[in-house]
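Coordinates in review
Residue-level listing of the chains:
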Amino acid sequence: MGLLSLGTPLPWEESRQYSNHIRSNGLEQLINMFNAASKRQDDPFLWGDELEYILVQFNNNTHRAKINIDKDYILEDLNKPGHCEYDLALRNNTNFHPEYGRFMIEATPIKPYNGESLNDYLFVEENMTKRRIIASKAINNPDIIPLTITSYPLMGIGNFTEPPSQPNGDASKSLFLPDEIINRHVRFPTLTANIRKRRGEKVAINIPMYQDETTAKFDESIPLNRGLFSEDEEPILGAALAGHIYMDSMGFGMGCSCLQVTVQAPNVNKARYLYDSWANLAPIFLALSSATPILKGHLADQDVRWNVISKSVDDRTAYERDVEPLRPGNEFGGVKLEDQGKVQKIPKSRYDSIDSYLGDKLDDDDTYRFFNNELNDNNQPLNELVLKKLISNKDKHFDLPLAQHFAHLYIRDPLVIFNERINQDNLSDTDHFENIQSTNWQTIRFKPPTQKAIPTNHDTPGWRVEFRSMDIQITDFENAAFATFIALLGHSFLLNSEEWNFYIPISKIEENMSRAHFKNPIFSTKYFFKKDIHSPGFEIDELSINEIINGSSQFIGLIKIVENHLKTQYNIEISSNGPYSRFYYYLKLISGRASGELISPANYIRYFVLGHETYQKDSKITEEINFELLEKLNRISKYDDSQGELSEFFGNELSLYLVENKVNSEV
Ligand code: GLU
Ligand code: MG
């Protein structure tokens with residue numbers, strides 16, 4: 001996540017004086033990036049995925065599991081040329097990156113997949129499998145396992161780290177999370193502290209608690225009498241809400257794992273089209289991938305991670321959020337009015353769903369194919385200076401929706417500034433732009449190329465779009481299924497950009513996003529969707545996820561779109577035999593999750609808890625539940641059906657297939 005510059009990060013008190021400097025130079029960098037790359041054409045459809053892992057340490061003697069926080073040096077080993085783990089990673093086209101938590105790693109392919117070659121889609125799962133194996137080899141301890149779980153069940157409850165650590169750190173001031181869980185790179189504790197300081201209070205993450213027979217009215221895990229920091233009284237002052245799981249630190253959100261997919265579009269206009277066409281798939285696939293029913297040791301009354309992260313990095317002041325501050329006289333948080341000029345109200349966190357479409361310009365003239373400005377009907381605050389500057393850009397790179405997009409990103413302050421990187425060469429550096437861009441964590445990300453990406457330079461990536469909403473899945477099979485599905489949809493959308501119209505008013509996507517946070521979001525609600533993608537106008541319909549994925553008399557269905565794409569592009573019929581049978585099973589998984597034939601990871605985990613012998617009907621996760629659940633998920637991730645769990649989770653056909661058809665894992 002984000003940019004890892006080296007150097008001395010400035011604390012918020014010092015950094016805020018440079019906010020405008022970063023924004024204005026970041027904007028120059030952005031304009032230079034457009035100057036270099038706006039005429040780029042015909043870039044190939046390359047793509048990649050990102051997986052995030054949580055290192056779980058099992059103790060089979062005590063029957064306890066913890067998150068491990070002292071193996072983060074493996075990332076250095078994996079990235080140090082000459083080191084044996086580095087060579088192994090390189091040979092297998094796998095790349096490992098730091099994440100927010102010291103107990104986390106992120107992994108990607110080194111070279112992107114070629115999305116125009118069908119065979120490359122079959123390497124995705126193999127690559128994912130090898131990442132897991134290589135990470136385990138680097139850890140070199142069979143009790144510590146990188147699991148692709150969205151949230152660690154006992155995060156912040158009792159002694160949950162190995163080695164043990166105490167929640168008394170100055171960066172987060174959390175009542176629950178020790179600073180030792182935060183990545184050692186100075187950027188991360190600084191980010192944590194600066195969000196809190198700018199906001200003027202700790203973050204307050206309240207997630208509805210699952211209500212069972214004996215569930216307490218108020219989150220009983222909150223220590224009410226600690227007197228270590230003045231912030232300790234915040235839950236009593238109103239930060240913690242009754243009936244909710246209360247969390248007070250960035251680590252609860254950014255300690256969650258997701259699955260992301262980034263693709264390269266042929267040119268800037270196509271990237272804009274894809275961004276817009278994917279926008280409404282973000283809430284749908286958040287719901288469909290739902291895997292997060294447990295937070296901070298409690299069952300939640302929702303199934304996804306999204307709003308937890310959103311609230312965990314919410315640096316808006318009380319005034320900007322339009323609420324009363326917890327302490328009087330503190331409505332501007334760490335922001336002084338004179339620093340900021342006019343302070344505006346900001347409806348959403350910097351980690352949230354996208355706020356506006358970019359517009360689907362055709363390549364050869366200045367008109368939109370299906371987009372019109374009325375579709376951008378969210379109340380989105382803009383940085384007016386940025387808007388003016390972009391609109392009046394002499395090369396006319398920025399029309400209204402594009403200028404609005406960046407002007408919205410630029411309402412945010414840079415959160416971490418490195419002392420050594422304040423002055424940059426805007427013709428070649430991109431740090432200031434990336435500083436703003438990479439801390440606007442939205443459902444879809446529009447990624448312009450660097451100033452090096454002139455049309456003739458194909459060694460450097462072009463215009464890319466990232467799909468960021470999905471919860472991570474337990475197995476590589478599922479992660480590969482979802483990642484390839486999104487990539488194949490992306491490719492087919494790009495090839496049909498003149499025909500297919502997915503636009504609905506963006507406020508309806510906002511509503512879909514909140515519905516994706518209902519419990520059992522695949523079945524408990526419908527979602528706004530454009531059912532007639534061939535009609536140029538816009539209609540507003542509500543479809544179930546089953547209809548959206550599997551189709552109905554109203555909508556062709558996304559599975560069919562992928563099947564048609566494979567047929568027209570590669571002349572293959574999907575079937576359970578032959579070299580491309582893996583696709584059949586990928587589609588079976590996605591179709592089955594949408595129809596209810598297969599259980600969602602969130603429901604699977606929830607039912608396990610509800611049926612556990614130590615569960616007291618109080619919504620609380622016991623140490624036994626935590627250990628046994630993680631063991632179970634570990635077995636599933638290895639396609640081990642010795643205890644019948646694989647069949648329970650995947651159904652008979654898929655589980656049998658998976659046991660008999662493991663992908664190549666030789667590293
Ligand atoms: N872990 C974050 C999530 O679950 C994403 C961080 C990143 O952008 O890499 O959404
Ligand atoms: Mg990441």
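Look above for the structure.
Figured I'd write up the structure that's included with this text. In this text, all values refer to a predicted model and were calculated from it rather than measured experimentally. Per chain, the residues get numbers from 1 upward, laid out in the order the sequence is written. In the order they appear in the text, chains get letters beginning with A and ligands get numbers beginning with 1. Residues qualify for local features only when their pLDDT is at least 70, as the model is predicted, and side-chain atom pairs are given and counted only at 80 or more; totals for whole chains, interfaces and linings, by contrast, use all residues. Working from all heavy atoms in the structure, the side-chain values ignore hydrogens and water.

**Brief notes about a nonpolar patch on the surface**
Within this analysis, patches are made of residues with over 30% relative accessible area and no salt bridge. Like charges are joined at 9 Å or less; nonpolar side chains (Val, Leu, Ile, Met, Phe, Trp, Tyr) at 5 Å or less. For the accessible areas, the method is Shrake-Rupley and the probe is 1.4 Å, while residue cover comes only from the protein chains on display. For salt bridges, the criterion is a side-chain nitrogen of Lys or Arg within 4 Å of an Asp or Glu carboxyl oxygen. A cluster of nonpolar side chains, contributed by Phe218, Leu224 and Ile236, occupies part of the molecular surface with about 280 Å² of accessible area. Strands are runs of DSSP state E lasting at least two residues, helices are runs of H or I lasting at least four, and both sets are numbered from the N terminus onward. Of note, Phe218 is situated in the loop between strand S8 (205–208) and helix H8 (234–239).

**Observations concerning the packing of aromatic side chains**
Ring pairs are drawn from Phe, Tyr and Trp, using the six-membered ring of Trp, whenever the two centres fall within 6.5 Å, and their geometry is named by plane angle: stacked under 30 degrees, edge-to-face over 60, tilted for the rest. Considering all chains together, one arrives at 38 aromatic pairs under this definition. Between Phe34 and Phe406 the ring centres are 6.1 Å apart and the planes differ by 85 degrees, which places this aromatic pair in the edge-to-face class. Linking Phe34 in helix H2 (residues 19–37) with Phe406 in helix H16 (residues 400–409), this pair joins segments that are 372 residues apart in sequence. Of the two residues, Phe34 and Phe406, both sit in the buried class. Residue exposure (1.4 Å probe, protein chains only): buried if accessible area is under 20% of the type maximum, exposed if over 50%, otherwise partly exposed.

**Observations concerning the site of ligand 1**
We call a residue near a given molecule or strand whenever any one of its heavy atoms falls within 4 Å of it. Around ligand 1, the structure places 12 residues, and the nearest of them are Glu52, Cys256, Arg305, Tyr351 and Arg468. Glu106 places a side-chain nitrogen or oxygen 3.5 Å from an oxygen atom of ligand 1. Protein coverage of the free-state accessible area of ligand 1, which is 300 Å², stands at 98%. Here a polar contact is taken to be a pair of N or O atoms separated by no more than 3.5 Å, where protein atoms must pair a possible hydrogen donor with a possible acceptor and residues adjacent in sequence count only if both atoms sit in side chains.

**Concerning the packing of H2 against helix H15 (residues 384–391)**
For every element, the axis is a line fit to its C-alpha atoms; helices are fit only across the contacting stretch, and the angle between N-to-C directions ranges from 0 to 180 degrees. Orientation of H2 relative to H15, taken along the N-to-C sense of each, is 25 degrees, at an axis distance of 12 Å. Compared by their axis directions, H2 and H15 come out roughly parallel. The two elements H2 and H15 meet at a crossing, and its hand is right-handed. Judged by residue contacts, Leu27, Glu28 and Ile31 of H2 engage Val386, Lys389 and Leu390 from H15. Any residue outside Ala, Val, Leu, Ile, Met, Phe, Trp, Tyr, Cys, Pro, Asp, Glu, Lys and Arg is labelled polar, Gly included; the first ten of those are nonpolar and the last four are charged. Here the residues of the contact of H2 with H15 sort into 4 nonpolar, no polar and 2 charged. Roughly parallel covers angles under 35 degrees, roughly antiparallel covers those over 145, roughly perpendicular covers 65 to 115, and oblique covers all other angles. Here a crossing is taken to be left-handed if its near helix is turned anticlockwise relative to the far helix by less than a right angle, and right-handed if that turn runs clockwise. What makes two residues a contact is simply this: any of their non-hydrogen atoms within 4.5 Å.

**Looking at the coordination of the magnesium ion (ligand 2)**
The protein atoms that coordinate the magnesium ion (ligand 2) are Glu52 (OE), Glu99 (OE) and Glu106 (OE), at distances spanning 1.9 to 2.1 Å. Distances up to 2.8 Å from the metal define which N, O and S atoms are donors, and 3.2 Å serves for Na, K and Ca; water is absent from the atom set, so sites may look incomplete. The sequence pattern describing where the donors of the magnesium ion (ligand 2) fall on their chain is E-x46-E-x6-E. Neither Glu99 nor Glu106 differs from the other in exposure class; each is buried.

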